[in-house]
Structures are given as C-alpha cells and as structure tokens.
Amino acid sequence: PIAIMISFSIHYYFPVVWEVVTLVPWVKACIIVLYECVRAKVVLTFTIAASAAIAPSLFSFPLFGPIMCGTISGCGGAFLPMNKGLDPILKGLGYPMITACVGSTLVHLFMNTSMSEGVIGKKEKAHFHLVVMFITIGLVNGLGLKAKVKKD
C-alpha cells in the first residue's frame, strides 16, 4: 500500500517525473526492472495459490484454472475497470498478457509435474527464471530493442 500511495503521489503531484522516466533510458530501465520483478511475484503467487485452491479434474493437478489466474494477475490491470470487457484485446494481446500467460503456464507445469521432482527450492528457482524472462522481454519492448522489419 505504501508503494502504491507513493506512486500515485508522484504521478499526480509531480507529473514531470514521468517525463524524466521517458527521456532517460537508464531510469526507464530501472523502472522496468522493478515493475517486472513485482509482476513476476504476482504471477507466481496467484498461480500457486490457485493451484492449491482449485480441485483437480482431468489430471492429478488442476490445469486450466491456475494458468488463467496467473495470466490475468500478470496483465497489469488491462481489464480494469471491469466495464471495458474484452476491449483491451481487440487489437491483439500486449506483451504483458502474452508473457503472463507463458510464464504462468511454465511455472504451473514445472511446479506440478515430474520436472520439479528432486529440485531443491523449486519455488525460488521458478520465481528466478520467471523474473529473468519478464525483465528481458520488458527491457526489449520498453527500450525499443526489437529488430526492425524492412518493408520492400
């Protein structure tokens, strides 16, 4: 709650700070890294919590529900307020939605299948790899490091 209040205060009372973030690449990179670390924690937490709360049906572990919970939690509020419906995905999925879906799928399958048998600290290792994936993709997209496609 404190971080949210500080973020709101900075954006509301000092909007010039956001201009600095967009103009200075290393500041933007720091913000992206922090944001992606938090987003990875949220995806991991909700995927594991949903896996514990939802009863399995077809497999020995619940499959679809935890992945969807992790995906929606990692979208960054794209569907809020709720009256927007599916408007955020009319023009295609954004990278936060795609990475949240892929990340929650990989974490869920790793944690609940034989891939993690005998792994010491499997939750921490899954979290680390999720953070690395999110940060890498976030920096590529946020700093414009994508390959340019030539049009003939």
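Here the structure is shown first, and the text comes after it.
Calculation rules
Residues numbered from 1 in each chain as written. Predicted model: local features only at pLDDT ≥ 70, side-chain atom pairs only at ≥ 80, totals over all residues. Heavy atoms only, no water. Helix = DSSP H or I, 4+ residues; strand = E, 2+ residues; numbered from the N terminus. Polar contact = N/O pair within 3.5 Å; in protein donor to acceptor, adjacent residues only side chain to side chain. Contact = heavy atoms within 4.5 Å. Patch = residues over 30% accessible without salt bridge, like charges linked within 9 Å, V, L, I, M, F, W, Y side chains within 5 Å. Areas by Shrake-Rupley, 256 points an atom, 1.4 Å probe, with all protein chains shown as cover. Salt bridge = Lys/Arg side-chain N within 4 Å of Asp/Glu carboxyl O. Buried < 20%, exposed > 50% of the residue type's maximum accessible area, 1.4 Å probe, protein only. Axes fitted to C-alpha atoms, helices over the stretch in contact; angles between N-to-C directions. Parallel < 35°, antiparallel > 145°, perpendicular 65-115°, else oblique. Left-handed = near helix turned anticlockwise from the far one by under 90°. Nonpolar A, V, L, I, M, F, W, Y, C, P; charged D, E, K, R; others polar. Core = buried A, V, L, I, M, F, W, Y, C linked by side-chain atoms within 4.5 Å. 1 Å grid on protein atoms, 1.4 Å probe; cavity = no way out; pocket = protein on both sides within 12 Å on 5 of 7 lines; lining within 4 Å. Points joined across faces, edges and corners; volume = space filled by probe spheres on them.

Undergrad: Help me understand the side chain of Ser51, please; the structure alone is not making it clear to me.
TA: If you trace the backbone, Ser51 turns up in helix 3 (residues 25–53). Within the structure, Ser51 has its side chain in polar contact with the side chain of Asn112 (distance 3.4 Å). If near-sequence neighbours (up to four positions away) are discounted, Ser51 is found in contact with Pro62, Pro66, His108 and Asn112.

Undergrad: Any chance you could explain a nonpolar patch on the surface here in plain terms?
TA: A contiguous nonpolar patch, built from Ile2, Ile6, Phe8, Ile10, Tyr12, Tyr13, Phe14, Val16 and Val17 and spanning about 950 Å² of accessible area, is present on the exposed surface. Residue assignment for the nonpolar patch shows that the elements contributing at least two residues are helix 1 (2–13) and helix 2 (16–23). With six residues, helix 1 is the single largest residue contributor to the nonpolar patch. Tracing the backbone through its elements, the reader meets Phe14 in the loop between helix 1 and helix 2. On the accessibility criterion, Phe14 (51% relative accessible area) is exposed.

Undergrad: Hey, could you run me through the packing of helix 5 (residues 95–112) against helix 6 (residues 122–142) in this one?
TA: The description of two helices packed together rests on the angle between their axes and the distance between the axes. For the pair helix 5 and helix 6, the least separation of the axes is 10 Å and the interaxial angle reads 160 degrees. Taken together, the axes of helix 5 and helix 6 lie roughly antiparallel to each other. At the point where helix 5 passes helix 6, the crossing takes the right-handed sense. Two secondary-structure elements touch here, helix 5 through Tyr95, Thr99, Ala100, Val102, Gly103, Val107, Phe110 and Met111 and helix 6 through Lys122, Lys123, Ala126, Leu130, Met133, Phe134, Ile137, Gly138 and Asn141. Across the contact of helix 5 with helix 6, the residue classes tally to 11 nonpolar, four polar and two charged.

Undergrad: Sorry, what's going on with the nonpolar core here?
TA: General note: in soluble globular proteins, nonpolar side chains tend to be found buried as a group. Formed by Ala40, Val43, Leu44, Ala100, Val107, Phe110, Met111, Ala126, Leu130, Val131, Phe134 and Ile135, the largest nonpolar core amounts to 12 residues. Elements supplying a minimum of two residues to this core: helix 3, helix 5 and helix 6. Discounting residues that sit within four places of it in the chain, Ala100 has contacts with Arg39, Val43, Gly70, Thr71, Gly74, Cys75 and Phe134.

Undergrad: Can you walk me through the layout of surface pockets in this structure?
TA: The space that makes up the largest pocket amounts to roughly 420 Å³. As for the largest pocket, its lining consists of 13 residues, and the residues nearest its centre are Ala3, Ile6, Ser7, His11 and Ile31. Those elements that provide at least two residues to the lining of the largest pocket are helix 1, helix 2 and helix 3. Tallied by class, residues from the lining of the largest pocket come to 11 nonpolar, two polar and no charged.

Undergrad: What should I look at first to understand the packing of helix 3 against helix 4 (residues 64–73) in this one?
TA: Across the interface, helix 3 lies against helix 4 with an axial gap of 8 Å and an inter-helix angle of 155 degrees. Relative to helix 4, the element helix 3 is oriented roughly antiparallel. The hand of the helix 3/helix 4 crossing is right-handed. Each of Val42, Val43, Phe46, Thr47, Ala50 and Ser51 in helix 3 lies in contact with helix 4, whose residues at this interface are Pro66, Cys69, Gly70 and Ser73. Across the contact of helix 3 with helix 4, the residue classes tally to six nonpolar, four polar and no charged.

Note that all results are geometric; they support no functional claim without further evidence.
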